[in-house]
Amino acid sequence: MRSIRIVNVTKSYDGENILKDFNLTIPSGQFFVLLGPSGSGKTTLLRLIAGFESVDSGKIYLGDNDITNEPINKRKINTVFQNYALFPHLDVFDNVAYGLKVKKVPNDIIEQKVTKIIEVMRLSKHIYKPIQQLSGGQQQRVALARAIVNEPDVLLLDEPLAALDVKLRERMLMELVDLQNNFKTTFVYVTHDQNEALTVGHNIAVLNEDGEVEQFGTPKEIYEFPASSFAATFIGTTNLLKGVLEIGSEPKIIIEGLGSFSVVIDGTKKWASNGMNVFMSLRPEKIRITKKELKLNENHIQGKVASIIYQGRFTQYNVKLANNSIIQVFEQNEEHIPQEDIKLHDNVNLYWQKENAVLLEK
């Protein structure tokens, strides 16, 4: 297990910077996620780490070793691609064994290693089948087995589940988590899917459209305490309300057409000053919806239900506010507990604790 350090790396194509003076440290032995929209430089970064592309400037380190100009075959790094890149003319065993044979590993060691990893991947009964006879999920496991059998220090995964259906993708995510736990190899997983990132990541680096790290942290840190409106909206669903900060005996955000709402200014908000324009991020599941007026020491706003969407585990209410904006509310569906009957066009009250609203500078 070795960490990866990207130091002041710049990479451009046709004169356009994809990454500029980029810095990131990926801890060893973690399931690390690079999350961002298309064009944020995620795949470019992965290709630079793997050695498929060369940097224009800067350094890449694997542990203490500078691998910036090291050939691909000298790096203890393997990559699993979205299209699997399996050899169609070889069976499962030979696909998995390919890298070992290239390295001229003795046949008995190859047999031992390949048989073991194929068993771990639950592919034993398919060991001599042609690749074309396997399902998408089985082919993905073959690609993973081929990458891991070489015992890399780092395994790079470039949106490896994008071609799979939803149910299979969910199952494969769990298998990837188990695999990383078993082998303790550093996994670097590239995706634009927030749910995948939250499911597997020990730590996540959120890249914005300019190829910059917008936020770095655990899934919980990024979801509960987003550093910016970009991070808040890219990870999960949120209500983003713009207003003016008023710092008095109790900090408030004044939102035109809606009123004032209490917020918390903690020690990380050193930028906060009276009268500045700010955003308030409020997750839909943090809001209580009811037709009743309650005497609670919480933020309160009224609105009218514009639409209702049943999502299985929860019901989504889109509530139109006095300034004609829409706020989303997620209410958990409790099967055995009678819930309040809220219907379309009902007038409702929304309540939330000030601690559940995150104040953002940008």
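Residues numbered from 1 in each chain as written. Predicted model: local features only at pLDDT ≥ 70, side-chain atom pairs only at ≥ 80, totals over all residues. Heavy atoms only, no water.

*Asks:* Lay out the overall build of the protein chain with the relevant residues and their values.
*Replies:* Check the secondary structure of the protein chain and you find eight helices and 20 strands. Along the first, second and third principal axes, the C-alpha atoms of the protein chain reach 75 × 50 × 35 Å. A total accessible area of about 18,400 Å² is found for the protein chain, and carbon and sulfur atoms account for 47% of it. Across the protein chain, 41 positive and 44 negative side-chain charges occur, with their mean positions spaced 3 Å apart. (Helix = DSSP H or I, 4+ residues; strand = E, 2+ residues; numbered from the N terminus. Areas by Shrake-Rupley, 256 points an atom, 1.4 Å probe, with all protein chains shown as cover. Lys, Arg positive; Asp, Glu negative; His and termini not counted. Charge placed at Lys NZ, Arg CZ, Asp CG, Glu CD.)

*Asks:* Hey, could you go over the sheet that holds strand β1 (residues 4-13) for me, with residue numbers and the actual values?
*Replies:* As summarised here, the arrangement of the four strands in space is β2-β1-β4-β5, forming an open sheet in which the pairing is antiparallel. Of all strands in the sheet, those with a lone pairing partner are β2 (16-26) and β5 (65-66), marking the two edges. As defined by bridge partners, β1 adjoins strand β4 (residues 57-62) across five bridges and the pair is classed as antiparallel. Residue pairing for β4: Ile 4 is matched across the bridge by Leu 62. (Pairing = 2+ DSSP bridges.)

*Asks:* Break down the pattern of salt bridges for me, with residues and values.
*Replies:* Evaluated as defined, the whole model comprises 16 salt bridges. Close ionic contact of Glu 175 with Arg 141 constitutes a salt bridge, the shortest N to O distance being 3.6 Å. Taken together, the residues span a long stretch of sequence, with Glu 175 in helix α5 (residues 166-183) and Arg 141 in helix α4 (residues 136-148) at a distance of 34 residues. Of the two residues, Glu 175 and Arg 141, both sit in the buried class. The network of salt bridges with shared partners includes Lys 11, Arg 47 and Glu 53. (Salt bridge = Lys/Arg side-chain N within 4 Å of Asp/Glu carboxyl O. Buried < 20%, exposed > 50% of the residue type's maximum accessible area, 1.4 Å probe, protein only.)

*Asks:* Lay out α4 in plain terms, naming residues and giving numbers.
*Replies:* In an α-helix, one turn spans 3.6 residues, which is why side chains three or four residues apart end up on the same side. Under the 1.5 Å per step criterion, the end-to-end length of α4 is 18 Å for 13 residues, consistent within 8% with the ideal 18 Å. Burial within α4 is extensive, with 12 of its 13 residues counted as buried. When we look at burial in α4, the residues that qualify are Gly 137, Gln 138, Gln 139, Gln 140, Arg 141, Val 142, Ala 143, Leu 144, Ala 145, Arg 146, Ala 147 and Ile 148. The inward-facing, buried residues of α4 contact β6 (77-80), α2 (92-102), α3 (107-120), β7 (154-158), α5 and β8 (186-191). (Expected span 1.5 Å × (residues − 1). Contact = heavy atoms within 4.5 Å.)

*Asks:* Any details on the packing of aromatic side chains? Residues and values, ideally.
*Replies:* Within the structure shown, the criterion is met by nine aromatic pairs. Both rings, one in Phe 314 and one in Phe 330, keep their centres 4.5 Å apart while their planes meet at 35 degrees; by these two values the pair is tilted. Of the two residues, Phe 314 sits in strand β17 (residues 314-320) while Phe 330 sits in strand β18 (residues 326-332), which places them 16 residues apart along the sequence. Judged by its relative accessible area of 15%, Phe 330 is buried. Taken together, the ring pairs in this structure connect Phe 31, Phe 187 and Tyr 189 into an aromatic cluster. (Phe/Tyr/Trp six-rings, centres within 6.5 Å; stacked < 30°, edge-to-face > 60°.)

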